[in-house]
Amino acid sequence: MRSTLFSLAFVALAVTACAPADRDDKVVNVYTARHYDSDLALYERFTRETGVKVNRIEGKPDELVARMKAEGAGSPADLFIAADAGALWRAQQAGLFQPVASKVLDSRVPASLRDPGGEWYGFSRRARVVAYDAARVKPEEVDDYAKLAGPRFRGKICVRSSDSIYNLSLVGALIEAWGPERTAAWVRGVVANMARPPEGGDRDQIRAVAAGVCEVAITNSYYYLRMASGADAADKAVTDKVKLAFPSLDGKGTHVNIAGAGVAKTAPNRDNAVRLLEFLTSPESQAHIAENNAEFPVSPDVEPPGSVKAYAGFTAHPMGAAAFARRQPEAQAAMSQAGWR
Ligand code: FE
């Protein structure tokens with residue numbers, strides 16, 4: 001996420017473009033917690049193809065949820081976009097979505113990657129994986145999430161804070177699979193294994209592995225893949241030393257999260273919101289997101305580009321996104337209790 005300062009400034013700038021007066025049929029108002037420049041190209045293509053202008057308000061997911069709640073029935077929001085199923089669940093819990101029934105969405109988005117009631121849909125996948133120092137760690141030492149909590153990694157793990165929704169969703173998945181007690185023990189083990197108190201984002205953890213601060217880091221897949229395929233020489237050097245492992249949960253596969261969206265309950269431009277959501281799940285859009293942000297497509301029919309394809313063959317755990325997303329409060333409690341700051 002960019003800094004709060006930036007996102008607040010952006011919200012302040014963008015708000016004028018998205019006043020409630022915009023209730024005509026040629027706009028769609030997007031509240032998005034995704035902050036990738038490559039998404040803008042998607043919106044521009046949507047506008048070219050449909051004539052519908054995309055107004056965008058960008059912010060942190062909780063800020064956007066608070067804003068939609070405060071705006072109430074008069075909210076201009078049509079589509080809420082977030083980069084984690086946990087954030088979508090929070091918006092859903094706040095009663096901000098309406099169910100959408102769409103044959104197009106159902107055919108493109110596997111059932112495990114959307115809300116069973118149709119209130120939100122994933123349009124890209126991201127795996128929460130392990131980046132490890134290839135000189136000091138053997139791949140078989142990081143092939144299972146359970147191993148991260150063992151004595152092998154005492155003082156060797158870098159991971160961001162417990163307010164990261166990505167970590168909450170991972171721990172939520174463990175609770176769903178293992179139950180609260182075994183997960184609490186895992187959380188305590190990981191806290192005991194931290195090389196330093198949590199600081200920074202996922203990329204900072206990967207860089208800390210290369211710098212010798214820790215031997216393993218927990219990260220979302222696309223951060224590593226972007227560093228490995230990007231133009232930055234220093235980042236590229238990091239990924240020469242640091243490799244990526246896709247740990248398994250109970251031998252069933254890697255924890256996979258989504259970026260996705262839900263149509264606002266009070267959307268003034270509902271049809272355009274559904275149209276944009278369908279557009280985001282189109283094969284072209286999924287390929288664009290994979291190409292530009294190194295996320296994995298949700299649809300098995302969409303071929304990822306070369307840089308992503310090399311990593312796309314992993315086994316994904318079949319757990320539904322809705323199942324771990326709703327475990328967030330329990331995950332937060334377990335992490336707080338263990339002193340995961
Ligand atoms: Fe991210």
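See above for the structure.
Since this is a predicted model, take the numbers as computed values, not measurements.

## Describing the nonpolar core
Part 1: Formed by 110 residues in total, the largest nonpolar core has its most connected members in Leu79, Phe80, Val142, Leu148, Trp186, Val216 and Trp340.
Part 2: With 9 residues, the single largest contributor to this core is helix H6 (residues 165–178).
Part 3: Looking at which domains feed residues into this core, each of domain 1 (2–125 + 258–304) and domain 2 (126–254 + 325–337) gives three or more.
Part 4: For valine 142, the contacting residues outside a window of four places in its chain are Val130, Tyr132, Val137, Leu148, Phe153, Val216, Ala245 and Pro247.

## A word on the pattern of salt bridges
Part 1: The tally for this structure, following the rule as stated, stands at 24 salt bridges.
Part 2: One salt bridge in this structure joins aspartate 202 and arginine 128, with 2.8 Å as the shortest N-O distance. A residue pair is termed long-range when its members are at least 10 positions apart, and aspartate 202 in helix H8 (residues 202–210) and arginine 128 in strand E4 (residues 121–133) qualify at 74 residues. The pair formed by aspartate 202 and arginine 128 is uniform in burial state, with each residue classed as buried.
Part 3: When the shortest N-O distance is used, the salt bridge between aspartate 143 and lysine 147 registers 2.7 Å.
Part 4: Note on aspartate 143: relative accessible area 35%, which makes it partly exposed.
Part 5: Lysine 147 gets classed as partly exposed once you look at its relative accessible area, which sits at 35%.
Part 6: Beyond isolated ion pairs, a larger network of salt bridges with shared partners links Asp133, Arg136, Glu141, Arg152, Lys156 and Glu215.

## Describing the environment of aspartate 232
Part 1: Take aspartate 232: it is sitting in the loop between helix H9 (221–229) and helix H10 (233–241).
Part 2: Engagement of the side chain of aspartate 232 in a polar contact is seen with the backbone nitrogen of alanine 234, the distance being 2.9 Å.
Part 3: At 2.9 Å, the side chain of aspartate 232 and the backbone nitrogen of aspartate 235 are in polar contact.

## A word on the pairing of strand E3 (residues 79–82)
Part 1: Both faces of E3 are covered, namely the face carrying Leu79 and Ile81 and the face carrying Phe80 and Ala82.
Part 2: In this structure, strand E1 (residues 27–32) lies alongside E3, joined through 3 bridges in parallel fashion. Each residue of the ladder has a partner; that of tyrosine 31, found in E3, is phenylalanine 80.
Part 3: Inspection of the sheet shows E3 paired to strand E8 (residues 256–263) by 4 bridges, in the antiparallel sense. Following the sheet pairing, leucine 79 is matched in E8 by valine 263.

## So, the packing of H6 against helix H15 (residues 328–337)
Part 1: Interaxial distance between H6 and H15 falls to 8 Å at its minimum, and their mutual angle equals 100 degrees. As summarised for this structure, H6 and H15 are arranged roughly perpendicular, according to the angle between their axes. Judged by residue contacts, Ile165, Asn167, Leu168, Val171, Gly172 and Ile175 of H6 engage Gln328, Glu330, Ala331, Gln332 and Met335 from H15.
Part 2: Its residues assigned to classes, the contact of H6 with H15 shows 6 nonpolar, 4 polar and 1 charged.

## So, the coordination of the iron ion
Part 1: All of the protein donors around the iron ion are Tyr166 (OH), Tyr222 (OH) and Tyr223 (OH); their distances to the metal are 2.0 to 2.1 Å.
Part 2: Here the donor residues of the iron ion share one chain and are spaced in sequence as Y-x55-Y-Y. Remark: tyrosine 222 occurs in helix H9 and tyrosine 166 occurs in helix H6; sequence separation between them is 56 residues. As far as burial versus exposure is concerned, tyrosine 166 and tyrosine 222 are alike and both buried.

## Things to note about H6
Part 1: Across its 14 residues, H6 extends 19 Å between first and last C-alpha, which sits within 8% of the 20 Å expected from 1.5 Å per residue.
Part 2: The buried fraction of H6 is high, at 12 of 14 residues.
Part 3: Among all positions of H6, only Ile165, Tyr166, Asn167, Leu168, Ser169, Leu170, Val171, Gly172, Ala173, Leu174, Ile175 and Trp178 are buried.

## Considering unusual backbone geometry
Part 1: A positive phi angle, near 55 degrees, is found at aspartate 250, a position not held by glycine.
Part 2: On the accessibility criterion, aspartate 250 (36% relative accessible area) is partly exposed.
Part 3: The phi torsion at alanine 294 lies on the positive side, around 60 degrees, for a residue other than glycine.
Part 4: Looking at where alanine 294 falls in the secondary structure, it is placed in the loop between helix H12 (283–293) and helix H13 (306–309).
Part 5: Judged by relative accessible area, alanine 294 falls into the buried class, the value being 5%.

## Notes on the pairing of E8
Part 1: Most of E8 is tucked away: 8 of the 8 residues are buried.
Part 2: Residue alternation in E8 divides its side chains into two sets, Val256, Ile258, Gly260 and Gly262 and Asn257, Ala259, Ala261 and Val263, and both sets are buried.

Procedures and definitions
- Residues numbered from 1 in each chain as written.
- Predicted model: local features only at pLDDT ≥ 70, side-chain atom pairs only at ≥ 80, totals over all residues.
- Heavy atoms only, no water.
- Core = buried A, V, L, I, M, F, W, Y, C linked by side-chain atoms within 4.5 Å.
- Buried < 20%, exposed > 50% of the residue type's maximum accessible area, 1.4 Å probe, protein only.
- Helix = DSSP H or I, 4+ residues; strand = E, 2+ residues; numbered from the N terminus.
- Domains from an automatic or database assignment.
- Contact = heavy atoms within 4.5 Å.
- Salt bridge = Lys/Arg side-chain N within 4 Å of Asp/Glu carboxyl O.
- Polar contact = N/O pair within 3.5 Å; in protein donor to acceptor, adjacent residues only side chain to side chain.
- Pairing = 2+ DSSP bridges.
- Axes fitted to C-alpha atoms, helices over the stretch in contact; angles between N-to-C directions.
- Parallel < 35°, antiparallel > 145°, perpendicular 65-115°, else oblique.
- Nonpolar A, V, L, I, M, F, W, Y, C, P; charged D, E, K, R; others polar.
- Donors = N, O, S within 2.8 Å, 3.2 Å for Na, K, Ca; no water.
- Expected span 1.5 Å × (residues − 1).

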